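The primary structure of each chain is shown beneath.
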Amino acid sequence: MTPREKELTLQLEQCQQALAQARRENALLRQKVDWLVKRVFGSSSEQLDRNQLELLMLPESAAAPATPVAVAAPEKEHSKSSRKERLARLPENLPVVEEVIDPEPVKAQPEAWRCIGQEVSEQLDYEPGRFLRRRVVRRKYVHRTELDSAPVMAALPERLLDRSLPAPGLLAQIVVGKYCDHLPLYRQEQIYQQRHGVHLPRQSLARWVELTADWLKPIYEQIRVGVMGGGYVQVDETPVEYLAPGHGTTKQGYLWTCSRPDGDVFYRWETSRAAECLGNIVPVDFKGTVQCDGYAAYRAFANRRNGTIELAGCWAHVRRKFHEALEQSPKTAGWLMRQIQHLYRVEARLREQRAGPRLREAVRAHQSRPIVQRLQRALLRLKSGGKHLPQSLLGMALDYALGQWKTLEVYLADGRVEIDNNLVENAIRPTALGKKNWLFVGEAKAGDRGAILYTLIECCRRRGIDPYAYLKDVLTRLPKMTNHQIHEVTPAAWAKTQTQLQQQAAS
């Protein structure tokens, strides 16, 4: 072979290698584009029917029927005892405004008619909220016989702020409007002006929100201590933009969320996502389990605590990775998702039985652990096979699952730990809805106030209580309370007291 032929052969091999590399990169880019399009325009649900997963693992000849077959509905076990009773058409506790209509002949000669019955029809009506002037009148008195004595007058009830215009009811409405109904303050200003004829400048509303947050901070601290005092907490974070004067644009802060399953939740505002932020959230004396996703800051923080903190993984994140790779590798990803589905069915049965930690631990050891071990063997076999590129969706899903495996097994040995981090992610959703409306936080310190108020609102939601009624009552009582009484007005204690009062009234 001549030198020229050798050179041409070498160039041909290089071109073929470059072409193969370009095709692999093209395939990876197509997968990412398809995933992005599905993420933006497709359904966000990760639930798949069991029959659908079985269909993905069949041979192509068997998986493609000659005629279209309707997809079977997901199997759900319904028991007669679990069926909810039909709710009343109208709530019985609503006030009734009654209007009596008599025929014209009866109105003309009422003494000539005798009523033998009535027909009643009901409609559900609504009256918009209203402003009112709450006037406190303190009358002065002088003694009739002791003419030299000084006049007497009742003391003015204690308020959140002396000579302040807003009453507790208005403060509660502003807070609920922004942090529960996601109405920015400028929209509330417009609503109050246009619909009620009351002009409340946005600056005044902001000052009142700050005043409310300062008074509620002791309750927030009481909730935080309760959440972190159980030895098990779920943690997640979400980005929030905030204004930074002098930078000409917004900067990115983070609202960290800590949740205790079957308990309360609290938020913490930080301007960073670094591991140092966790040191401000998790107390120094905390010993127990922190459930989180695969973000590296959690591992770095746990390593600094010298073994006092154990990280628990989230199976929902693992399932999400394989769901993203389902179109690329339907048989492999479908089989893996089916195994994860078996784990979740075990958890569903435990929830139906309202199992405690000890029963959950025993059932998981008997039913879930073999599935987890089978999954691990399959993942290791797929990883060692080398058939899936590390940058492919399935390759990244394999790396993520195996990298988090020790944390994913924690829930098997601890009945307190949930299978995933969905509860704390659900607590983040209200803040995500709010961000779409108010877009950013006015300043870094305003994030602290938002964390306090979001905490109170979310705890009310978890307890099933009306946040407006709670805030109005608590803001009325706080000026008369001491720090030793704060535990009496947390959402959990307030809900318990209201239940007792309702039971006493019913009896």
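So, here's what we can say about the structure. This is a predicted model, so every value here is computed, not measured.

1. Remarks on the sheet that holds strand S3 (residues 265-270)
Within a sheet, adjacent strands bond to each other through the backbone by hydrogen bonds, running parallel or antiparallel.
Turning to step 1, where the next piece is worked out: One open sheet accounts for five strands, arranged S3-S2-S1-S4-S5; its pairing is mixed. The open sheet has two edge strands, S3 and strand S5 (309-312), and neither has a second partner. Direction aside, the axes of adjacent strands within the sheet are offset by 30 degrees on average.
Turning to step 2, where the next piece is worked out: The strands touched by helix H7 (residues 202-228) within the sheet are strand S1 (232-243), strand S2 (250-259) and S3, with S3 carrying the most contacts at an inclination of about 110 degrees.
Turning to step 3, where the next piece is worked out: Here helix H17 (residues 444-463) sits on the sheet and contacts S1, S2 and S3; the angle it forms with S3, its principal contact strand, is near 170 degrees.

2. Quick notes on helix H11 (residues 330-352)
Turning to step 1, where the next piece is worked out: Taking 1.5 Å per residue, 23 residues should reach 33 Å; H11 reaches 31 Å between its end C-alpha atoms and fits that length.
Turning to step 2, where the next piece is worked out: If you check which residues of H11 are buried, you get Ala333, Gly334, Leu336, Met337, Gln339, Ile340, Gln341, Leu343, Tyr344, Val346, Glu347 and Leu350.
Turning to step 3, where the next piece is worked out: Phi turns positive one or two residues past the end of H11, at Arg354, with a value near 50 degrees.

3. Focus on the packing of aromatic side chains
Turning to step 1, where the next piece is worked out: Here the structure, examined in full by the defined rule, presents nine aromatic pairs.
Turning to step 2, where the next piece is worked out: Seen in terms of ring centroids, Phe131 and Tyr192 are 5.2 Å apart; in terms of plane orientation they differ by 85 degrees. Their pairing is edge-to-face. Of the two residues, Phe131 sits in the loop between helix H4 (104-108) and helix H5 (168-179) while Tyr192 sits in helix H6 (residues 185-196), which places them 61 residues apart along the sequence.
Turning to step 3, where the next piece is worked out: Judged by its relative accessible area of 30%, Phe131 is partly exposed.
Turning to step 4, where the next piece is worked out: Measuring from ring centre to ring centre gives 5.5 Å for Tyr470 and Trp494, while their planes differ by 85 degrees; the resulting arrangement is edge-to-face. One end of the pair, Tyr470, is in helix H18 (residues 467-477); the other, Trp494, is in helix H19 (residues 491-506), and 24 residues separate them in sequence.
Turning to step 5, where the next piece is worked out: Through a chain of ring-to-ring contacts, three or more aromatic side chains come together here, namely Tyr179, Tyr267 and Tyr454.
Turning to step 6, where the next piece is worked out: The cationic tip of Arg273 hangs over the ring face of Tyr295; the distance from NZ or CZ to the ring centre is 3.7 Å.
Turning to step 7, where the next piece is worked out: One cation-aromatic arrangement involves Lys321 over Tyr400; the distance from NZ or CZ to the ring centre is 5.2 Å.

Definitions and cut-offs
Residues numbered from 1 in each chain as written. Predicted model: local features only at pLDDT ≥ 70, side-chain atom pairs only at ≥ 80, totals over all residues. Heavy atoms only, no water. Pairing = 2+ DSSP bridges. Helix = DSSP H or I, 4+ residues; strand = E, 2+ residues; numbered from the N terminus. Axes fitted to C-alpha atoms, helices over the stretch in contact; angles between N-to-C directions. Contact = heavy atoms within 4.5 Å. Expected span 1.5 Å × (residues − 1). Buried < 20%, exposed > 50% of the residue type's maximum accessible area, 1.4 Å probe, protein only. Phe/Tyr/Trp six-rings, centres within 6.5 Å; stacked < 30°, edge-to-face > 60°. Lys NZ or Arg CZ within 6 Å of the ring centre and 35° of its normal.

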